[in-house]
Amino acid sequence: MIFKKKIILYFVFVIFSVGAGLPALSLKSVVWADKSAPTGKDNKNIVKIALITNAKSINIKVKSPYKIISGKSELDEGKSGNWDVSVSGSKIRFGQYQKDTFKIISSIITVNDKKSYRFGIIIKRNSNYLLVINELDMEEYLQGVVPCEISSKSPAEALKSQAVAARTFAHYQMLGNQNKDYQLVDTVFSQVYNGVSAERETTNKAIEDTRGEILTYNGKNISTPFFANCGGHTETNKNVWSGDCPYLISVSCKYCADFPHSTWETEISKDKIRRNLNNSNINVGIIEEIKIKSTSDSGRSKEIEIIHSKGKTILNSNKFRLAVGPSTIKSTYFTLKERLGSFIFKGRGWGHGVGMCQDGAVGMSKEGYDYKEILLHYYTGTKLAKIE
């Protein structure tokens, strides 16, 4: 298995990572059997993901050789362990130790008896709470991401396209947040990451088959958003988020038409819309009318106008969608009409619409396109490159 081949040189990375201020570690009591994990020279491929940001206490378990480090001090090593970790005054209590920060390194680390993660868990203070961070190699991180973002039963070329898109997105975030405690979170606000339990053989193979590959535009690192279904056309970046982005422009997509979320319909009461908007700090009164103020070239709504008892509110359509509920209003590719105190939304696709249509990638794969062709279709003018 790939993950069993990663541990020894990860320890080498830890030993020689001068920037992290870590000492050389004695490995005399532990036998490591791998030669393919990142060394200190590859530390730009080490990613840090925030798992927990607001807990007072957690539990850590390992069933394989481990080391516990705080700053420049090696505190403990052994073959297995179980520790309660909590905020203790101005310090963190980790078993018998009280320090400012801790790092535990092992092949598999379980947090709160729920999810298990590879290689390194860092624990710091986040004000009066614990900040729990998983530190590991990019490729192993992707093993816990790709099957959460696309079905592991998808065709191989679709899985490869997802692997490259996810790697490119993560690499871009790493570079932009490299001086912070962590570069990504484990939710949809970055990419869904569920650690070891999410891993599947098919997605692991797709990651390995595209190892190190990312997309670039004019030789520069880029962000590569993706979403479930475009409903026939993807959207241009500036119509959803701010800024022109020449590789994120609307493209036609006939490949997602036969998937479940290519069309949808929902009815939402005026009262529910008002409550959800107000809960998202968008202050509106009793709703009288909602209408589409402008649309994009792809046919999606760009702006929504809400007429209510307090006046008139104009919103970016994606902001409106997220506030009302992204699982209810699945995209901004909709029409609407009023009926007896409610609004009926009829739409196409699911997601923000920018970048790669995941159902479209599956459809293209079924029609014989390879992952490079899929990626270049959705990310206009980009080129594949290797992380250096």
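In this text, all values refer to a predicted model and were calculated from it rather than measured experimentally.

## What to know about the pattern of salt bridges
All chains considered together, the criterion is met by 17 salt bridges. A salt bridge links Lys 238 to Asp 244, with the shortest nitrogen-to-oxygen separation between them at 3.8 Å. Here the salt bridges share partners, and the residues they tie into one network are Lys 48, Lys 103 and Glu 135.

## Brief notes about the sheet that holds strand 19 (residues 334-339)
Ordered by their spatial adjacency, three strands build an open sheet running 15-20-19, and the pairing between neighbours is antiparallel. The sheet terminates laterally at strand 15 (263-269) and strand 19, the two strands that pair on one side only. This sheet shows a mean twist of 20 degrees between the axes of neighbouring strands, independent of strand direction. With six bridges connecting them, strand 19 and strand 20 (residues 342-348) associate as antiparallel partners. Bridging across to strand 20, Lys 337 finds its partner in Ile 344. Sheet strands touched by helix 6 (residues 270-279): strand 15, strand 19 and strand 20. Its angle to strand 15, the strand with the most contacts, is close to 90 degrees.

## What to know about the packing of helix 8 (residues 358-366) against helix 9 (residues 371-378)
At a closest axis distance of 10 Å, the pairing of helix 8 and helix 9 adopts a crossing angle of 140 degrees. Comparing the axis directions of helix 8 and helix 9 gives the class oblique. The chirality of how helix 8 crosses helix 9 is right-handed. Every residue of helix 9 that contacts helix 8 at Gly 360, Ala 361, Met 364 and Ser 365 is listed here: Glu 373, Ile 374, His 377 and Tyr 378. The class makeup of the residues in the contact of helix 8 with helix 9 is four nonpolar, three polar and one charged.

## So, the packing of aromatic side chains
For any pair of aromatic rings, geometry is given as the distance between the ring centres together with the angle between the planes. Inspection of every chain in the model, using the stated rule, returns nine aromatic pairs. Between Tyr 255 and Tyr 369, the aromatic rings sit 5.8 Å apart at their centres with planes inclined by 75 degrees, giving edge-to-face as the arrangement. Pair noted here: Tyr 255 is in the loop between strand 14 (226-227) and strand 15 and Tyr 369 is in the loop between helix 8 and helix 9, with a separation of 114 residues, a long-range link. You can call Tyr 255 buried: its relative accessible area is 12%. When its relative accessible area of 29% is taken as the criterion, Tyr 369 is described as partly exposed. Taken together, a centroid distance of 6.4 Å and an interplanar angle of 35 degrees make the contact between Phe 320 and Phe 345 tilted.

## Description of unusual backbone geometry
Excluding glycine, most residues fall at negative phi; most peptide bonds, likewise, are trans. A positive phi angle, near 55 degrees, is found at Asp 113, a position not held by glycine. Assignment of secondary structure puts Asp 113 in the loop between strand 8 (102-111) and strand 9 (115-126). What makes Asp 113 exposed here is its relative accessible area of 52%. Positive phi outside glycine occurs at Ser 127, with the angle close to 60 degrees. In this fold, Ser 127 is placed in the loop between strand 9 and strand 10 (129-137).

## Re the confidence of the model for the chain
Mean pLDDT over the chain stands at 89; residues scoring 70 or higher make up 89%. For the stretch residues 1-42, pLDDT sits under 50, and the model shows 83 contacts to residues farther than four places along the chain or on other chains.

## A few points about the packing of helix 6 against helix 7 (residues 317-324)
Working note: a packed helix pair is described by the angle between its axes plus the distance between those axes. As a packed pair, helix 6 and helix 7 sit with axes 8 Å apart at the nearest point and diverge in direction by 100 degrees. The angle between helix 6 and helix 7 places the two elements in the roughly perpendicular class. Along its contact with helix 6, which presents Ile 273, Asn 276 and Leu 277, the element helix 7 presents Phe 320, Ala 323 and Val 324. Of the residues that constitute the contact of helix 6 with helix 7, the class distribution is five nonpolar, one polar and no charged.

## What to know about the side chain of Ser 317
Relative to the helices and strands, Ser 317 is located in helix 7. Look past the residues within four positions of Ser 317 in its chain and what remains in contact with it is Ser 301, Lys 302, Glu 303, Ile 304 and Thr 332.

## Quick word on the environment of Phe 119
Along the chain, the position of Phe 119 falls in strand 9. Accessibility expressed as a relative area gives 2% for Phe 119, which makes it buried. When the C-alpha atoms of Phe 119 and Ile 104 are compared, they prove to be 8.2 Å apart, with 15 residues separating the residues in sequence.

## A few points about the sheet that holds strand 22 (residues 383-386)
An order of 13-12-22 is seen for the three strands of this open sheet, with the pairing classed as antiparallel. Both edges of this open sheet fall to strand 13 (220-221) and strand 22, since each of them pairs with a single strand only. Examined bridge by bridge, strand 12 (residues 213-217) and strand 13 share two bridges and lie antiparallel to one another. Paired with Tyr 217 across the bridge in strand 13 is Lys 220. Contacting strand 12, strand 13 and strand 22, helix 4 (residues 156-176) crosses the sheet at an angle of about 70 degrees to strand 12.

## Re the layout of surface pockets
Considered as a void within the structure, the largest pocket measures approximately 1,200 Å³ in volume. What lines the largest pocket is a set of 34 residues, among which Glu 149, Val 188, Phe 226, Phe 227 and His 352 lie closest to the centre. Of all the elements in the fold, those that place two or more residues in the lining of the largest pocket are helix 3 (146-149), helix 4, strand 14, helix 7 and helix 8. By residue class, the composition of the lining of the largest pocket is 17 nonpolar, 14 polar and three charged.

## A few points about the nonpolar core
Counting residues in hydrophobic clusters, the biggest one holds 71 residues, and the most contacted among them are Ile 60, Ile 104, Ile 121, Tyr 141 and Tyr 378. Counting residues per element, this core draws most heavily on helix 4, which supplies nine residues. Beyond its immediate sequence surroundings of up to four residues, Tyr 378 is in contact with Thr 234, Tyr 247, Val 251, Cys 253, Tyr 255, Gly 355, Met 356, Cys 357, Gly 360, Ala 361 and Met 364. Val 284, Ile 287, Phe 320 and Phe 343 belong to the second-largest nonpolar core, a separate cluster that totals 18 residues.

What counts, and at which threshold
Residues numbered from 1 in each chain as written. Predicted model: local features only at pLDDT ≥ 70, side-chain atom pairs only at ≥ 80, totals over all residues. Heavy atoms only, no water. Salt bridge = Lys/Arg side-chain N within 4 Å of Asp/Glu carboxyl O. Pairing = 2+ DSSP bridges. Helix = DSSP H or I, 4+ residues; strand = E, 2+ residues; numbered from the N terminus. Axes fitted to C-alpha atoms, helices over the stretch in contact; angles between N-to-C directions. Contact = heavy atoms within 4.5 Å. Parallel < 35°, antiparallel > 145°, perpendicular 65-115°, else oblique. Left-handed = near helix turned anticlockwise from the far one by under 90°. Nonpolar A, V, L, I, M, F, W, Y, C, P; charged D, E, K, R; others polar. Phe/Tyr/Trp six-rings, centres within 6.5 Å; stacked < 30°, edge-to-face > 60°. Buried < 20%, exposed > 50% of the residue type's maximum accessible area, 1.4 Å probe, protein only. pLDDT = per-residue confidence, 0-100. 1 Å grid on protein atoms, 1.4 Å probe; cavity = no way out; pocket = protein on both sides within 12 Å on 5 of 7 lines; lining within 4 Å. Points joined across faces, edges and corners; volume = space filled by probe spheres on them. Core = buried A, V, L, I, M, F, W, Y, C linked by side-chain atoms within 4.5 Å.

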